[in-house]
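# Structure assessment
Here's the letter readout for the chains.
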Amino acid sequence: MPDNASTPAAMSRHEEAMRILADVPREPGVPKPDPILVADHVTRSFGGLKAVDVSHVEIQRGSITALVGPNGAGKTTFFNLLTGFDTPDTGSWLFNGKDLAGVPSYRVARMGMVRTFQLTKALSKMTVIDNMRLGATHQVGERMLQALLGLWRGQEKTVTAQADELLARFKLLEKREDFAGSLSGGQRKLLEMARSLMTDPTMVMLDEPMAGVNPALTQSLLEHIKGLREQGMTVLFVEHDMDVVRDISDWVIVMAQGSVIAEGPPGEVMRNEAVISAYLGGHHDKALTDSGVSFTEEASGT
Amino acid sequence: MDWSYIFAVMVTSAFGLQAIVFGLAAIGINVQFGYTGLLNFGQAAFMAVGGYAVAVTVVELNMSFWWGVVFGLIGAVILALLLGVPTLRLRADYLAIVTIAAAEIIRLILRSVTFKDFFGGSDGKQAFADGFFAMNFLPPDADLRIGPAVVNESQLFTYIVGWSLVALACLVVWLLVRSPWGRVVKGIREDEDAVRSLGKNVFVYKMQALVLGGLFGALAGFITAVGAQNVNPDSFKTDATFFAYAILILGGAARVFGPVLGTVIFWALFQGTDVFLRQAIDAGVPIVSLMDGTQAAVLRVMLVGLGLMLLMIYRPQGILGDRRELALDAR
Amino acid sequence: MHRRVTAALGAVLVALVALLAFANPAAADGERIGGQLENRVDGKKTPVEGVVITVTGNGFEGSATSGPDGKWEVPVPALGNYDVTIDVSTLPEGVALTEEDKVTIEQVPVKPPLFNGLKTVTFPLGQSTATTTSVWEQAAQLTVSGLEFGLLIALGALGLSIIYGTTGLVNFAHGEIITFGALSTWVLNAGLGLNFFLAAIGGLLLSAAFGWLNNAALWRPLRKRGTGLIAMMIVSIGLALFLRNLFQFFVGGDKKSYTEYAGLAGMSIGPVSVTPTDIGIFITAILALVATVLVLSKSRLGKATRAVSDNPSLAAGAGINVERVITFVWVIGAALAGLGGMLLGFTQQVSFQMGFQILLLVFAAVTLGGLGTIAGAIFGSLVVGLFIQLTTLIVPTELKNVGALLVLIVILLVRPYGLLGRRERIG
C-alpha cells in the first residue's frame, strides 16, 4: 500500500513482526518467540454451555493479533475473562510474566492491559475532554483527601496537555468541550480508543473497533490501530470483517465454539479447512450464539 | 385567614430546624445518588445513628456531648461499610433494598422494649443537649422576631450551627465534585464498567461516596437531636429518607446547591400548606373545612408523594439541574 | 404525551376518590365506642366474655361488659376524645393483655369518619405467661402460622416478581396494592354491608382493576416515554407515599376488622390449633398460587410472559405483543397482591399502612428467592414466613422482622442471585 510505503518506520515494525512470526508453526495454541500474554485452560460456561474452552494460546509482543470467529464463538467472553470483567471457571494466564487470573479488572488496566468495548462506552454525559482526563492513571486528585485540599491542579495541567495531544492526533480537538453523547458512532470509537491510551498501556484490547463505524472513518481508525503498533504496543482485537483483518493484522487466531481452532498469518488462515467449515457450517453455533449474545448485553448493561 | 402568620411560618420553616436537618440529609443523598448513582434508601438510618449516638453517649454513658458526636460519626462510617460491602458490587436496586431494610432494622431495634433501657423504646431519649447549649454565645434575650413568629436564642444558636454545617457540607461537596475525584464518581454514575476499564477501583469510590453521604446524614441526626432536644425512633422512618429524596430532586440532583434550595422551598411549602389548611378549616372555607386537622396533615404528605412523581416525570433535573448531564433517566 | 400522563394520573385520582368516598359516610347518630375482645393464642381466636370496659372523658363515664361473642359497646354523649380502660381483674384465668401496660388507651378520638357511629377500640388479648406449652408444641404451632404468613407474603411477592421480570420495575408502591385489596374488601363489607364473600370477590376484582389502572394510567405512558428504571423506581416511591396517605385520608389511621367472620371457634389438629379462618386462608392462598403458576407455565399468555421476562426485544421480534403481556402481568400481579392483603386483613386487621409494613418482607422474600423468578418468589416467601415465626422462639416477638431482614442482607452477601436464581442474571 502506497501510504505505508511513505512511512518506513511503520513498515519496519510490521515487517519485524512478520519476520518473527514467519517461522512459527500454523497450528492452534502454538508457542510464540516473545509472548506478552500466555493463557492456559481458560474455561467459562453458562448454564451447561461452554462459551469458552481455550487450552492454550499466546500473543506475540509488539504485534497486531486478530481474534476472529463466527458469531458466538466466545471471543468477547474470552476478552472479558482476560481483562477481569468476568470470572472463568478454570484457567490461568500470564501477562508480562504476571499471573492475571483472579485480578480485578481495574488492576488489569493499571498493569498495562487496557480494553475497549463492543458497545462503545464513551461517557456521553461528560465532555470529551473530561472523558480523556478520566483515562489518566495515578492522579492524586482522584484520592478523596487530596481532592479536598485541591492538590491536583498542577497535575491536571499535565493530564490536560496529554489529553489535548491525543485529541489532536485522533482529530477530536474541536469537539473538546462537547458532551461525548453528541459525537457520531465512529467518533465515539475514536474517543474510547484515545481515552484508553491515556492509561499508558502496553497492550490494547479492542472489542470490534470497527462495529458501527461509517466507512469514511474506517480507514482513519485502521491507521490509528497501526499507529499503536508503531509506538511499541501490542494489539489484540476482535473483528468480523475479514478485509479489516487482512489489512492490519500480523497474526490471526480463530475461535469457534469456545476453542481456538486455527492460527496463522491472515492470508494462510483464511484458506484453512477448519476455519472455512467453522464459518460456513455455523449450524452447531446457534445455541452458543444466544448465550454469548445475551451475556454481553447483560455485562454491558451493568 | 391570617396571611402574615402564614407568611411568617413559611419564612421560619424555610430556614428552621427541619430545613437544616433535611438539607443535610439531602446533601448526603446528593453525593451518593446525585453524583455517584447509588440508591441509598436508608438515609434515615444514618440520621438515627447520629442522633442516638449523642443521646445515648450523654444519658447512658455519662460522657460529654462531643464524644457523642465522635461516636455518631464513627457509627455512620461503620454502617456505611456494613451496607456497602455486600451490595456495592451488585446492581443498583439491591443497594436500595438492603439500605431500606437496614433502616427498618435499626428503627425496630431502637423502639423495641427489649432495648428500652438503653434506647428508650418508643419514647426515645431526652435531656442530653445541655453540653451543646452550653456553647451558646448568644445573650439570653437574643430573640429573633419574624412577624408574629419568635425564634428564641437556643433555637437561633441551633440554626446558626446547623446552617454553618450545611455551608461546610456544600463546600466539601463543591471541592470534591470539581476535582478528579468528582470526575471518577460521575463516570461511575453513567457506566461503571467504562471507569473500571480505565484502572479505577470503582468499589472504593462507591464506598467513599456512601460513607461521605452517610456522614452528612449523621450530621443531620445531630442537629435534629439537639434542636428538638429529643430523639425518637419514629422521626427516622423510611418516609424521612423519601422526603430527603423529594427535596433533592426538587432542588436539582447533582448540583451543589440543589439540596439547599430544595429544602428551603420544600419546608416553606410543606409547613405553609399546613397552616393554610388549618386556618381554612377554622374559617369554615367550603370543601376544605370537610377535613379535620389530621386529614390536613395527611393531605400534605399525599401532596409530597404526588409532587415527587410529577417532578420525576416532568422535571427530573429539578430547579437547578441540567437535564443533559443528569444520569437519572439512564438505564 | 405529557398531557396523557397528566390525564391518566387525574383518572387514577378520580377513580380512587370515587371508590374511597364510600368509605366516608356521614356519621350515624348515636356514636359508640366498642370492640370485640378475643383471646388470641397461636393464631386461634376465641371470644372473651364478661370483661368490664370503662369509657371516661368529657365529663362522661360509662361502662359495658363483653357479651358471649366478646363484643362490647359504650354509647358516648358527644364527639370528642375518651379514655378507654379494661378491667384486667375481670379477665378469665389464663387470659392477659399482650401488652401489659396498655390497660388504658388514652384520648381515643370519636369523630368522623365512623362507620355506623362506632369507634373501634382493640385490646389485644393473649395467653397469660402462667400457662406455657412445650417448645415442640410451640414450634409446631409457629410452623403452621409461619407457613400461613409465608403464603400471604408469597401472594404479594409473586406479583412483584413477575412485574419486575417483565418490566424491570422495582415497584415500591406494591405494598399499596396489598392495602388496596384489604381496604376495598373492607369498604364493601363493613361500609356497604355486603356479605363477606361477595365483598371478597369484589375486592379481588377491584384489585385487578387497580393493577390495570396503575399500568395503563402511569407505567405504560412512562415506558413509552423511555423513562429509566431508576427514575421509575423513584416515581413508584412517590406513588406509594401518595396512595398510602390517600388511604389514611379517607379511612383514618385506626385498625379495622371485617364483619361477619369473627369469633369462630378453633379446632385442634395434633398439637396445633387452627381456626376455620386459618384453614380458609391456607386453601385460598394455595389455590391462588397454584392457579397462577399453572397459568404462567401452561397458557399461551403465560408462556409469552416468560418469553418477555427472558428477553423483551427477542419476544417482541418473535411477534409477541409485549404491552399486552405486561397488562396481563399487572392485572394478575395486582389481583394476587390484593388477595394477599385481603387475607392479611384477617390475621392483622385492616389499616392504611398494612401493605407498606409488609412490603419489606415481600422484598426480602423476592430477593431471597432470586429477583424475577416465579419459584424463587414463592420459596423465598415461605422461608421468610417460617423464619419470622420460628425465630420468635428465641427472639422477642417485636424484633422478629429484624431477623428476617438481617438474613436478607446475609444472603445477598453469599448468594446475590438468590437461593434459586441463576448466577448469570446478575451480569
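Residues numbered from 1 in each chain as written. Chains lettered and ligands numbered in written order. Predicted model: local features only at pLDDT ≥ 70, side-chain atom pairs only at ≥ 80, totals over all residues. Heavy atoms only, no water.

## Notes on the overall build of chain C
A tally of regular secondary structure across chain C gives 12 helices and 13 strands. Out of the 427 residues belonging to chain C, those deemed buried represent 55%. Of the accessible surface of chain C, which amounts to about 17,100 Å², a share of 62% is contributed by carbon and sulfur atoms. (Helix = DSSP H or I, 4+ residues; strand = E, 2+ residues; numbered from the N terminus. Buried < 20%, exposed > 50% of the residue type's maximum accessible area, 1.4 Å probe, protein only. Areas by Shrake-Rupley, 256 points an atom, 1.4 Å probe, with all protein chains shown as cover.)

## With respect to the overall build of chain A
Tallying secondary structure elements over chain A gives 13 helices and 10 strands in all. Burial status across chain A gives 54% buried among its 302 residues. In chain A, of all internal contacts separated by at least 6 residues, the share reaching a separation of at least 24 is 69%. Carbon together with sulfur atoms contributes 54% to the accessible area of chain A, which is approximately 12,500 Å² in total. (Contact = heavy atoms within 4.5 Å.)

## Looking at the interface of chain B and chain C
With 51 residues of chain B in contact, the opposing surface of chain C contributes 48 residues. The junction of chain B with chain C conceals about 4,600 Å² of combined surface from both sides, 77% of it contributed by carbon and sulfur atoms. Of all residues in chain B, Ile97, Met309 and Tyr314 of chain B bury the most surface against chain C, accounting for 14% of the area lost on that side. Where chain B meets chain C, there are 1 salt bridge. Our count for the chain B to chain C interface comes out at 5 residue pairs in polar contact (both at pLDDT 80 or more). When contributions to the side of chain B that touches chain C are tallied by element, the ones reaching two or more residues are α4 (65-87), α5 (92-110), α12 (238-251) and α14 (293-314) of chain B. With 15 residues, α14 of chain B is the single largest residue contributor to the side of chain B that touches chain C. Class assignment of the residues belonging to the side of chain B that touches chain C gives a composition of 37 nonpolar, 7 polar and 7 charged. (Buried area = accessible area lost by both parts, 1.4 Å probe. Salt bridge = Lys/Arg side-chain N within 4 Å of Asp/Glu carboxyl O. Polar contact = N/O pair within 3.5 Å; in protein donor to acceptor, adjacent residues only side chain to side chain. Nonpolar A, V, L, I, M, F, W, Y, C, P; charged D, E, K, R; others polar.)

## What about the packing of α5 of chain B against helix α12 (residues 400-414) of chain C?
Put simply, α5 of chain B and α12 of chain C touch, their axes get as near as 9 Å, and they point 150° apart. The angle between α5 of chain B and α12 of chain C falls in the class roughly antiparallel. The crossing of α5 of chain B and α12 of chain C is left-handed. In this structure, α5 of chain B contributes Tyr94, Ile97, Val98, Ala101, Ala102, Glu104, Ile105, Leu108 and Ile109 of chain B to the contact, and α12 of chain C contributes Asn401, Val402, Leu405, Leu406, Leu408, Ile409 and Leu412 of chain C. For the contact of α5 of chain B with α12 of chain C, a count of residues per class yields 14 nonpolar, 1 polar and 1 charged. (Axes fitted to C-alpha atoms, helices over the stretch in contact; angles between N-to-C directions. Parallel < 35°, antiparallel > 145°, perpendicular 65-115°, else oblique. Left-handed = near helix turned anticlockwise from the far one by under 90°.)

## What to know about unusual backbone geometry
Even without being a glycine, lysine 171 of chain A presents a positive backbone phi close to 55°. In this structure, lysine 171 of chain A sits in the loop between α7 (153-169) and α8 (185-197). If you check the backbone angles, alanine 127 of chain B has positive phi at about 55° while not being a glycine. Inspection of the secondary structure assignment puts alanine 127 of chain B in the loop between β1 (125-126) and α7 (130-133). Look at alanine 127 of chain B and you get exposed, because its relative accessible area is 66%.

## Focus on a nonpolar patch on the surface
All names here are of chain B. A grouping of Leu61, Met63, Trp67, Val70, Phe71, Ile74, Ile78, Leu82, Phe115 and Phe118 is seen on the molecular surface, where their side chains present a nonpolar patch of about 870 Å² in accessible area. Considering every element that reaches the nonpolar patch, the biggest residue donor is α4, with 6 residues. By the secondary structure assignment, isoleucine 78 is in helix α4. For isoleucine 78, a relative accessible area of 45% gives the class partly exposed. (Patch = residues over 30% accessible without salt bridge, like charges linked within 9 Å, V, L, I, M, F, W, Y side chains within 5 Å.)

## As for helix α11 (residues 374-390) of chain C
Residue and element names in this part refer to chain C. In this model, α11 (17 residues) spans 24 Å end to end at C-alpha, consistent with the 24 Å of a helix rising 1.5 Å per residue. Burial in α11 covers these residues: Gly376, Ala377, Ile378, Gly380, Ser381, Val384, Gly385, Ile388 and Gln389. Lining the buried residues of α11 we find α2 (135-167), α6 (276-298), α10 (354-369) and α12. (Expected span 1.5 Å × (residues − 1).)

## Some remarks on α5 of chain B
The end-to-end C-alpha distance of α5 of chain B is 28 Å, a good match for the 27 Å that 19 residues give at a rise of 1.5 Å each. Summarising burial for α5 of chain B: 17 of the 19 residues are buried, a large majority.

## Details of the packing of helix α2 (residues 17-35) of chain B against helix α8 (residues 153-177) of chain B
All names here are of chain B. One can describe the packing of α2 onto α8 by two numbers: an axis separation of 9 Å at closest approach and a directional angle of 15°. Put simply, α2 runs roughly parallel to α8. Crossing hand, α2 versus α8: left-handed. Listed contacts from α8 to Leu17, Ala19, Ile20, Leu24, Ile27, Val31 and Tyr35 of α2 are Thr158, Tyr159, Gly162, Trp163, Leu165, Val166, Ala169, Cys170, Val173 and Val177. Per-class residue counts for the contact of α2 with α8 are 15 nonpolar, 2 polar and no charged.

## Regarding the interface of chain B and chain A
If you look at the interface, chain B gives 34 residues, while chain A gives 37 residues. When residues of chain B are sorted by the area they lose upon contact with chain A, Arg183, Glu190 and Leu198 of chain B head the list and together hold 24% of the total. On the surface where chain B and chain A come into contact, there are 4 salt bridges. Measuring nitrogen to oxygen at the nearest pair gives 3.0 Å for the salt bridge that ties aspartate 191 of chain B to lysine 121 of chain A. At the boundary of chain B and chain A, one finds 12 residue pairs in polar contact (both at pLDDT 80 or more). Listing elements by their share of the side of chain B that touches chain A, those giving two or more residues are α8, α9 (180-190), α10 (192-197) and α11 (202-228) of chain B. Examining the composition of the side of chain B that touches chain A, we find that 7 residues originate from one element, α9 of chain B, more than from any other. Residues belonging to the side of chain B that touches chain A are distributed by class as follows: 14 nonpolar, 6 polar and 14 charged.

## Quick notes on the domain arrangement of chain A
All names here are of chain A. Per the domain assignment, the segments of chain A are domain 1 (2-122 + 201-301) and domain 2 (123-182). Across the contact, 5 residues belong to domain 1 and 6 residues belong to domain 2. Broken down residue by residue, the surface that domain 1 buries against domain 2 is led by Ala122, His224 and Gln231, which jointly contribute 78%. Across the domain 1-domain 2 interface, the total number found is 3 residue pairs in polar contact (both at pLDDT 80 or more). The class makeup of the residues in the side of domain 1 that touches domain 2 is 2 nonpolar, 2 polar and 1 charged. (Domains from an automatic or database assignment.)

## Here's the deal with the pattern of salt bridges
Close approach of charged atoms allows side chains of opposite charge to pair. All names here are of chain A. Throughout the structure, instances matching the rule amount to 34 salt bridges over all chains. With its nearest N and O atoms 3.2 Å apart, the salt bridge here joins arginine 61 to aspartate 34. Of the two residues, arginine 61 is situated in the loop between β2 (49-60) and β3 (64-68) and aspartate 34 in the loop between α2 (8-22) and β1 (35-46); the sequence distance between them amounts to 27 residues. Arginine 61 sits in the partly exposed class, given a relative accessible area of 34%.

## Comments concerning the sheet that holds strand β10 (residues 118-120) of chain C
All names here are of chain C. With mixed pairing, the 3 strands of this open sheet are ordered in space as β6-β1-β10. Edge positions in the sheet fall to β6 (71-75) and β10, since each has one partner strand and no second. With strand direction ignored, the average angle separating the axes of adjacent strands in the sheet is 25°. Alignment of strand β1 (residues 32-36) against β6, held across 5 bridges, turns out to be antiparallel. Each residue of the ladder has a partner; that of glycine 35, found in β6, is tryptophan 72. (Pairing = 2+ DSSP bridges.)

## Quick look at the sheet that holds β2 of chain A
All names here are of chain A. Read from one edge to the other, the open sheet built from 4 strands follows the order β2-β1-β4-β5, with strand pairing classed as antiparallel. A single partner strand is all that each edge strand has here, and the edge strands are β2 and β5 (98-99). Taken together, the 5 bridges between β1 and strand β4 (residues 90-95) define a ladder with antiparallel strand orientation. Each bridged residue has a counterpart across the sheet, and for leucine 37 the counterpart in β4 is phenylalanine 95. In the packing of helix α3 (residues 75-82) onto the sheet, the strands contacted are β1, β2 and β4, and the crossing angle to β1 comes to about 115°.

## Observations concerning the packing of aromatic side chains
Tallied over the full model, the rule gives 36 aromatic pairs over all chains. Aromatic side chains tryptophan 3 of chain B and phenylalanine 276 of chain B sit 5.9 Å apart centroid to centroid with 35° between the ring planes, which places their arrangement in the tilted category. Here the residue tryptophan 3 of chain B occupies a position in helix α1 (residues 3-14), and phenylalanine 276 of chain B occupies one in helix α13 (residues 258-282), the gap between them amounting to 273 residues. According to the relative accessible area criterion, tryptophan 3 of chain B is exposed, its value standing at 54%. By relative accessible area, phenylalanine 276 of chain B is classed as partly exposed at 31%. Measuring from centroid to centroid gives 6.2 Å for phenylalanine 60 of chain C and tyrosine 82 of chain C, while their planes differ by 90°, and the two rings are edge-to-face. With phenylalanine 60 of chain C in strand β5 (residues 60-65) and tyrosine 82 of chain C in strand β7 (residues 80-86), the pair connects residues that are 22 residues apart, well separated along the chain. (Phe/Tyr/Trp six-rings, centres within 6.5 Å; stacked < 30°, edge-to-face > 60°.)

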